[in-house]
Amino acid sequence: MSLQVRSQVSLKPFNTFGIDVNANWFVEVHDDAEVREALAYACDRQLPVLLLGGGSNLLLTGDVSALVVRMASRGIRVLHDDDEQVIVESEAGEPWHPFVQWSLEQGLAGLENLSLIPGTVGAAPMQNIGAYGVEIKDVFAGLTALDRQSGELRDFTLEECAFGYRDSVFKQTLDRWVILRVRFKLDRKARLHLDYGPVRQRLAEQGIDHPAPLDVSRAICSIRREKLPDPAELGNAGSFFKNPVISAALAAQIKLGHPGLVAYPQADGRVKLAAGWLIEQAGWKGYREGDAGVHRLQSLVLVNYGAATGTQLHRLARMIQADIAQRFAVTLEMEPNLY
Ligand code: FAD
Ligand code: NAP
């Protein structure tokens, strides 16, 4: 066996919350063969497997009694280029933001609104990552995954991924697929999405009237750096709750008591609420109990001030969920996967 399986490895550097727990077994895999080898190792010893990318969308609530398999495969290649559209394939272990930057440097548009999201390419389809009006489903051209049950490779089309709002078939069947590589259809001619949040305003402030994709990326990076805590400085996993999508009737009822309700009508007639706004209205902004807290600028982000445990953060999350349910009759669903 060529793999270096280590025991009792601290996962603190491998999750952006900075939760200090150990993996009983830990291995990094760099290609398909090593993924298979790691799965066989776990199967032989009847160990559960936890796949890990950048650890930016999970909450670890205790030592992990499993083989933690960290996806470290690298490689980006152009599969097709017809001067208008370019199909690019990236290995799962490529870090997401450098991949976005690489695409922009090649003059390819499509990923600019998804700038500065932490994590890996392989985990991006898991919750159909999205920001500033773009989700990866909008630029998705397919992926290849390994079926952990049968050991077979399978190519997924857009439809087969069943992408939803921060959701996918992979999130629904967490232990089934290892995403090995992902394909994106990017454009040489940009179709920019600027009408979301403060993007257009930021570009105007910078004196940019005719933005290129790289300008949009830079504007979004600057907005994000102002609003979001950097996990290198303050442990967090980004938005801790999904924005709830509720009936128009319930939204109208909430608005009676809260005229400032932040609500976005959806195509299906329902309404998306800003979860951060609900949490802020309920008085949780800046709340802190021990080292677990709600960020002082962005109520949707739970933070670890140093030594918080996953259990403490989970407890805080449940307190917030209960309070929001009681005040607004709205269910907040956790976004990170819980282990
Ligand atoms: P991990 O946390 O390592 O894993 C997440 C889940 O995917 C786990 O269940 C893991 O087992 C599984 N997994 C990982 N790799 C694979 C694989 N190759 N195959 C199968 N399963 C796998 N998300 C957004 O959607 N939009 C944002 O704007 C955004 N902003 C963020 C900002 C900050 C500061 C932070 C900390 C997080 C943010 N996130 C955002 C959340 C997170 O960065 C993304 O969901 C990201 O795609 C997670 O990637 P990861 O590699 O860190 O996944
Ligand atoms: P924001 O701009 O303060 O907006 C608050 C919420 O309102 C957002 O979550 C967004 O929902 C929604 N929203 C804003 N403008 C909208 C529009 N024109 N149409 C529909 N919905 C709209 O949000 P933010 O916290 O600074 O985040 C900015 C973007 O980055 C958002 O897209 C957010 O999802 C993404 N982000 C995600 C994470 C994560 O971990 N998942 C972390 C940080 C930022 P949506 O979330 O549905 O877009």
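Report on the accompanying structure. Because the structure is a prediction, the values reported are computed rather than measured.

Topic: the overall build of the protein chain
- When helices and strands are tallied, the protein chain shows nine helices and 20 strands.
- For the protein chain, the C-alpha radius of gyration of 21 Å lies close to 20 Å, the compact-globule estimate for 339 residues.
- Along the first, second and third principal axes, the C-alpha atoms of the protein chain reach 65 × 50 × 35 Å.
- Across the 339 residues of the protein chain, 50% fall into the buried class.
- Restricting the contact set of the protein chain to residue pairs at least 6 apart, pairs at least 24 apart contribute 61%.

Side note on the site of ligand 1
- Near ligand 1 you find 37 residues, and of these L51, G53, S56, T120 and Y339 are the closest.
- Residue G55 places a main-chain N or O atom 2.8 Å away from an oxygen atom belonging to ligand 1.
- Measuring from an oxygen atom of ligand 1, one finds a side-chain N or O atom of Y339 at 2.6 Å.
- A total of 970 Å² of accessible area belongs to ligand 1 in isolation, and the protein chains cover 95% of it.
- Only β3 (49–52), β8 (130–131), β12 (177–187) and β13 (235–239) provide two or more residues apiece to the shell around ligand 1.
- A per-class count over the shell around ligand 1 returns 21 nonpolar, 14 polar and two charged.

A short note on the nonpolar core
- Membership of the largest hydrophobic core comes to 46 residues, with the highest contact counts inside it found for L11, F241, L302, I320, I324 and V330.
- Broken down by element, this core gets its largest block of residues, six residues, from helix α9 (residues 310–328).
- Setting aside its immediate chain neighbours within four residues, I324 contacts L278, I279, A282, A329, V330 and L332.
- Of all hydrophobic cores here, the second largest spans 38 residues; its members include V86, A124, V134 and V216.

Here we look at the sheet that holds strand β14 (residues 245–246)
- The strand order across the open sheet built from three strands is β14-β16-β15, with neighbouring strands paired in antiparallel fashion. The sheet is open, and its two borders are formed by β14 and β15 (263–265), each paired with just one other strand.
- Pairing analysis gives three bridges linking β15 to strand β16 (residues 271–273), with the strands arranged antiparallel. By the bridge assignment for β16, P265 is matched with V271.

Details of the packing of aromatic side chains
- Tallied over the entire structure, the rule returns 12 aromatic pairs.
- Taking 6.4 Å as the distance between ring centres and 75° as the angle between the ring planes, the aromatic pair formed by Y132 and Y196 counts as edge-to-face. Here Y132, found in the loop between β8 and β9 (134–135), pairs with Y196, found in the loop between β12 and α5 (199–205); they are 64 residues apart in sequence, far enough to count as distant.
- Using a relative accessible area of 39% as the deciding quantity, one classes Y196 as partly exposed.
- Taken together, W96, F99, W102 and F184 form an aromatic cluster joined through their ring pairs.

Observations regarding the site of ligand 2
- Within the structure, ligand 2 sits among 17 residues, and R166, Y196, K272, Q298 and E335 are positioned closest to it.
- A distance of 3.0 Å separates an oxygen atom of ligand 2 from a polar atom in the backbone of Y132.
- For ligand 2, an oxygen atom lies 2.6 Å from a polar atom in the side chain of R166.
- Expressed as a share of its isolated accessible area of 800 Å², the protein-covered part of ligand 2 is 81%.
- Among the secondary structure elements, those contributing two or more residues to the shell around ligand 2 are β8, α6 (213–227) and β13.
- The residue inventory of the shell around ligand 2, partitioned by class, reads seven nonpolar, five polar and five charged.

Definitions and limits used
- Residues numbered from 1 in each chain as written.
- Chains lettered and ligands numbered in written order.
- Predicted model: local features only at pLDDT ≥ 70, side-chain atom pairs only at ≥ 80, totals over all residues.
- Heavy atoms only, no water.
- Helix = DSSP H or I, 4+ residues; strand = E, 2+ residues; numbered from the N terminus.
- Rg over C-alpha atoms; globule rule 2.2 N^0.38 Å.
- Buried < 20%, exposed > 50% of the residue type's maximum accessible area, 1.4 Å probe, protein only.
- Contact = heavy atoms within 4.5 Å.
- Near = heavy atom within 4 Å.
- Polar contact = N/O pair within 3.5 Å; in protein donor to acceptor, adjacent residues only side chain to side chain.
- Areas by Shrake-Rupley, 256 points an atom, 1.4 Å probe, with all protein chains shown as cover.
- Nonpolar A, V, L, I, M, F, W, Y, C, P; charged D, E, K, R; others polar.
- Core = buried A, V, L, I, M, F, W, Y, C linked by side-chain atoms within 4.5 Å.
- Pairing = 2+ DSSP bridges.
- Phe/Tyr/Trp six-rings, centres within 6.5 Å; stacked < 30°, edge-to-face > 60°.

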